[in-house]
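An overview of the molecular structure
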Amino acid sequence: MVVETHERERTDGYVSGPPRRGRRRWTAAGWLRVLWVMPLVFIANAVFVLAARAALGYESAGFVALNPFGDRFFEFGTTELQVLIVTWLVVVPLAFLAGLGGFDYWAYWISGRPTRPEDHSGHGARTWKDYFRINTDHKVIGIQYLVTTIFFFVSAGLMAMFMRAELAKPGMQFVDNNTFNGLFSVHASLMIFLFVIPAFAGLGNYVIPLMIGAPDMAFPRLNALSYWLLPIAGFIMLSSFLVPDGGAFAAGWTNYTPLAVQQPVGNVFFQMAVQWAGASSIMTALNFLVTIITMRAPGMSFWRLPLLVWANFATSTLVVVATPFIAGSQFFILFDRVLHTHFFTPGDEGGYAIAYQHIFWFYSHPAVYIMMLPGFGIASEVISVFARKPIFGYRLMALSLMAILILGFSVWAHHMFVSGMAPWLRIPMMVTTMLIAVPTGIKVFSWLATLWEGRIHFKTPMLFALGFVSMFVIGGLSGIYLGSIPVDIHASDTYFVVAHIHYVLFGGSLFTIFAGIYYWFPKMTGRMYNERLGKLHFWLTFVGFNVTFFPMHYLGLQGMPRRVSDYADRFGDLNFVISIASFGLGASTVVFIYNMVVSWRRGEPAPGNPWRALTLEWQVSSPPPIFNFDEIPQVVGSPYEYGVRGARHAVMNGDRGEVPEPERVISH
């Protein structure tokens, strides 16, 4: 596929116009406009909703609640507050995006005005301030994603620390039951929707256009908008703790009915945050798909794509197909709460709670692979580079990614073996669960074969990649146990499930996210990280993780239920050990953040290709030019021909001399 090129005026020397003064400073896109647009829309929305309710004859606190000098300022009834929150969580984020300038270009075009010439002033980062505004450069957006997701990762981790402090010994120490439920619900939701999924999107945003030889993503403005939906979703989840009448949503990240409908008003924050996060995911996925299909460099066929690109192609397809299901399910719960419908609420009207679980897991099991497939791609890149060997079975690896994409939609009900669903569905779901282990097993054996007789370099990215393989195998094996109906009936809703999901998502996804951050850190920042601190971070994480979560297998099989704030005395000793280890695991994150911040500011300057990798992103400077490539790359070979003398993945326009015939080097 040929990349279309256009003459662009380089933006390195871009000089902005004269500084805005007076009223123009407040009406131009940016944070000053946000400061007055958001409060204005907030108040206007409240007035509109209250007036509409009064006009329709509903009982209402009326406008007395909006009088700042009255005794009932900001006091609303529960029903009224719920309606107001739903509308606020729609229009106020839109006002934030409008104030920041997310819709300015499109509004200008829709109004019928002449097309504005593109001066690329909103493309690329020249100062740190450029990371705090709408920016169309995929590299800036990738870093915005990563820094934002790390903030939410730390927030969710602090909630885990509160939970483990409560669980250090039997009895109630620090929080009540509903607060504990809110902590684990927001913790899990942030980790899944605001950390793992968007962190992979951030890494992909930065490196995939570079890997395929594209100057940017296919839709740069949509890419910028998709990022800014993310902090909206995250702060909606966090702000649920501030809601009167019950606090944060506390029905778990699965938000099962009828509990989700019976919960206090804070539960609405989960439904709305998922909509914003889901919209962000769909926008990003569509952008990835179009970019990968239409913007590959000359000579880059699908069988010359790096496996990370294959992984993101499969992941983006999953996101586009599956995410509307969870969006629809949360809308239906919202209707049950606010409009008093009965889609899922049991009663005389015919609500069917099990239907919610079917819809939710039809998304959420593919979502497990949305959180895993990009990690498979990162592990493949890192292991091949640091073992100095080609990926074993490249085509089978790519095809197994697509097999997981298809089979992922056939196993959702293995989460529901004890839910009361139709009994005849159990056996087919157990069979497909065992079947989907096959393409995953292909990957594990391929990584091991790649390592076999390789010249392994134990740099920090490689340590995290190897840690991922070992931890993911343990999580996969416990998943096979849970996929077996008799074992699942015994272990369901116990700490065995907690151990399983953390070995899959922490030991799997998080280890590969760290591997990717360390691997591409020199490319992103132009600096080398501190290798000793990186290895310290790995070993603290690896040891702390295993001491924290491995004993949970035993606790679960002994009968300790999950999602409880108190437990039987006989589980006290192991829980105390787990809590101590969890604080050590949390401390490892401090080492990571310190290493990243200090290395970014004062690290040793990075060469263009410190790992001697073959893929295209390492063939340009670190950091890359504004539009990635000063010359169009011509792809001439595989991205993984390590150990082949004279092998080239690509050549540039100015370097199209005679490419030597690759000669395989036999290692003993």
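The structure presented is a predicted model; accordingly, all values stated were derived computationally and were not measured.

1. A few points about the overall build of the chain
Each helix and strand counted, the chain has 19 helices and four strands in total. Its C-alpha atoms give the chain a radius of gyration of 26 Å, near enough to 26 Å, the size a compact globule of 668 residues would have. Overall, the chain is about 80 × 70 × 45 Å in size when its C-alpha atoms are taken along their principal axes. In the chain, which comprises 668 residues, the share counted as buried stands at 55%. The contacts of the chain with a sequence gap of at least 6 include a subset with a gap of at least 24, amounting to 77%.

2. Focus: the confidence of the model for the chain
Interpretation of the predicted coordinates at a detailed level should be avoided for regions scoring low in pLDDT. Per-chain confidence: the chain averages 86 in pLDDT, with 91% of residues scoring 70 or above. pLDDT under 50 marks residues 1-16. Its contacts with residues more than four places away, or in other chains, come to 29 contacts. Long-range and interchain partners of residues 657-668, a stretch whose pLDDT sits below 50, account for 18 contacts in this model, where long-range means more than four residues apart.

3. A word on the side chain of N546
Secondary-structure assignment places N546 in helix α18 (residues 531-557). N546 gets classed as buried once you look at its relative accessible area, which sits at 18%. Among the polar contacts listed, one links the side chain of N546 to the side chain of Y503, at a separation of 2.9 Å. Apart from the residues within four sequence positions on either side, N546 is in contact with M471, Y503 and P551.

4. Section: the packing of aromatic side chains
Think of a pair of aromatic rings as described by two things: how far the centres are apart, and how the planes are tilted against each other in angle. Counted according to the given criterion, the structure contains 64 aromatic pairs. For the pair F180 and F184, a centre-to-centre distance of 6.1 Å together with 65° between the ring planes defines the contact as edge-to-face. Taken together, the positions of F180 and F184, both in helix α6 (residues 177-211) and four residues apart, correspond to about one turn of that helix. A relative accessible area of 3% means that F180 is categorised as buried. Residue F184 is classed as buried on the basis of its relative accessible area, which comes to 13%. When the ring of F325 is compared with that of F362, the centres are 4.8 Å apart and the planes differ by 65°; the resulting orientation is edge-to-face. You can see F325 sitting in helix α10 (residues 307-339) and its partner F362 sitting in helix α11 (residues 353-370), a full 37 residues away along the chain.

5. Some thoughts on the pattern of salt bridges
Enumeration over the complete set of coordinates arrives at four salt bridges. For D130, the salt bridge goes to R133, with nearest N and O atoms at 2.7 Å. The exposure class assigned to R133 is partly exposed, which follows from its relative accessible area of 23%. Note that K139 and D137 form a salt bridge whose closest N and O atoms lie 3.1 Å from each other. No difference in accessibility class separates K139 from D137, as the two residues are buried.

6. Overview of the side chain of H123
With respect to the secondary-structure elements, H123 resides in the loop between α4 (104-110) and α5 (138-166). Within the local environment of H123, its side chain forms a polar contact with the side chain of T136, the two groups lying 3.1 Å apart.

7. Quick notes on a nonpolar patch on the surface
A contiguous nonpolar surface patch, about 560 Å² in accessible area, is contributed by W539, V543, V547, F576, V577 and I580. Contributions of two or more residues to the nonpolar patch are made by α18 and α19 (572-602).

8. A look at unusual backbone geometry
With an omega of 0°, the peptide bond between T257 and P258 qualifies as cis. Relative to the elements of secondary structure, P258 occurs in the loop between α7 (220-239) and α8 (259-262). Of note, the bond from S622 into P623 is cis; its omega dihedral lies within 30 degrees of zero at -10°. Summarising the element assignment, P623 is placed in the loop between α19 and β1 (633-635).

9. Examining the packing of α6 against α10
Across the interface, α6 lies against α10 with an axial gap of 11 Å and an inter-helix angle of 140°. When the axes of α6 and α10 are compared, the pair comes out oblique. Seen along the crossing, α6 lies across α10 with a hand that is left-handed. Side by side, α6 and α10 meet where F193, G204, V207, I208 and M211 of the first sit next to L308, V309, N312 and I326 of the second. Here the contact of α6 with α10 is built from residues that sort into seven nonpolar, two polar and no charged.

10. So, the packing of α6 against helix α12 (residues 373-387)
α12 packs onto α6 with a crossing angle of 50° between their chain directions and a minimal axis gap of 11 Å. Taken together, the axis directions place α6 and α12 in an arrangement best described as oblique. Remark: the crossing between α6 and α12 carries left-handed chirality. Along the contact surface, α6 presents F200, L203 and M211, while α12 presents P374, G375, I378 and E381. Taken together, the residues of the contact of α6 with α12 break down into five nonpolar, one polar and one charged.

11. Some thoughts on the environment of D630
Here D630 shows up in the loop between α19 and β1. On the accessibility criterion, D630 (60% relative accessible area) is exposed.

12. Side note on α6
Compared with the 51 Å implied by 1.5 Å per residue over 35 residues, the 49 Å span of α6 between its first and last C-alpha is a close match. By the largest-angle criterion, N205 marks the main kink of α6, which is about 35°, and a proline, P209, follows within four residues. With 31 of 35 residues buried, α6 is to be regarded as a mostly interior element. Here α6 starts with a cap whose side-chain oxygen sits 3.3 Å from the backbone nitrogen of N178, and that cap is D176. A positive phi of about 80° marks G213, the residue just after α6.

13. Describing the nonpolar core
F193 and W520 are the most contacted members of the largest nonpolar core, which has 196 residues in total. A per-element tally of this core places α6 first, with 22 residues. Among all residues touching W520, those that are not within four sequence positions of it are L203, V207, M211, L308, I378, E617 and W618.

14. A closer look at the environment of R532
On the secondary structure map, R532 appears in helix α18. According to the relative accessible area criterion, R532 is exposed, its value standing at 74%. Considered as a pair, R532 and T460 are 72 residues apart in the sequence and their alpha carbons are 8.6 Å apart.

15. What to know about helix α17 (residues 495-525)
In α17, a bend of some 40° at Y519 exceeds every other bend along the element, and P522, a proline, comes one to four places later. Taken across its 31 residues, α17 has 29 buried, putting it largely inside the fold. One or two steps after α17, the chain reaches G526, where phi turns positive at roughly 75°.

16. Looking at the environment of A98
Within the secondary structure, A98 is located in helix α3 (residues 78-100). Judged by its relative accessible area of 29%, A98 is partly exposed. Residues A98 and F288, spaced 190 residues apart in sequence, show a C-alpha to C-alpha distance of 25 Å. If we ignore the near neighbours within four places in the chain, the residues touching A98 are R33, F103 and D104.

What counts as what
Residues numbered from 1 in each chain as written. Predicted model: local features only at pLDDT ≥ 70, side-chain atom pairs only at ≥ 80, totals over all residues. Heavy atoms only, no water. Helix = DSSP H or I, 4+ residues; strand = E, 2+ residues; numbered from the N terminus. Rg over C-alpha atoms; globule rule 2.2 N^0.38 Å. Buried < 20%, exposed > 50% of the residue type's maximum accessible area, 1.4 Å probe, protein only. Contact = heavy atoms within 4.5 Å. pLDDT = per-residue confidence, 0-100. Polar contact = N/O pair within 3.5 Å; in protein donor to acceptor, adjacent residues only side chain to side chain. Phe/Tyr/Trp six-rings, centres within 6.5 Å; stacked < 30°, edge-to-face > 60°. Salt bridge = Lys/Arg side-chain N within 4 Å of Asp/Glu carboxyl O. Patch = residues over 30% accessible without salt bridge, like charges linked within 9 Å, V, L, I, M, F, W, Y side chains within 5 Å. Areas by Shrake-Rupley, 256 points an atom, 1.4 Å probe, with all protein chains shown as cover. Axes fitted to C-alpha atoms, helices over the stretch in contact; angles between N-to-C directions. Parallel < 35°, antiparallel > 145°, perpendicular 65-115°, else oblique. Left-handed = near helix turned anticlockwise from the far one by under 90°. Nonpolar A, V, L, I, M, F, W, Y, C, P; charged D, E, K, R; others polar. Expected span 1.5 Å × (residues − 1). Bend = angle between axes of the 7 residues up to and from the residue. Core = buried A, V, L, I, M, F, W, Y, C linked by side-chain atoms within 4.5 Å.

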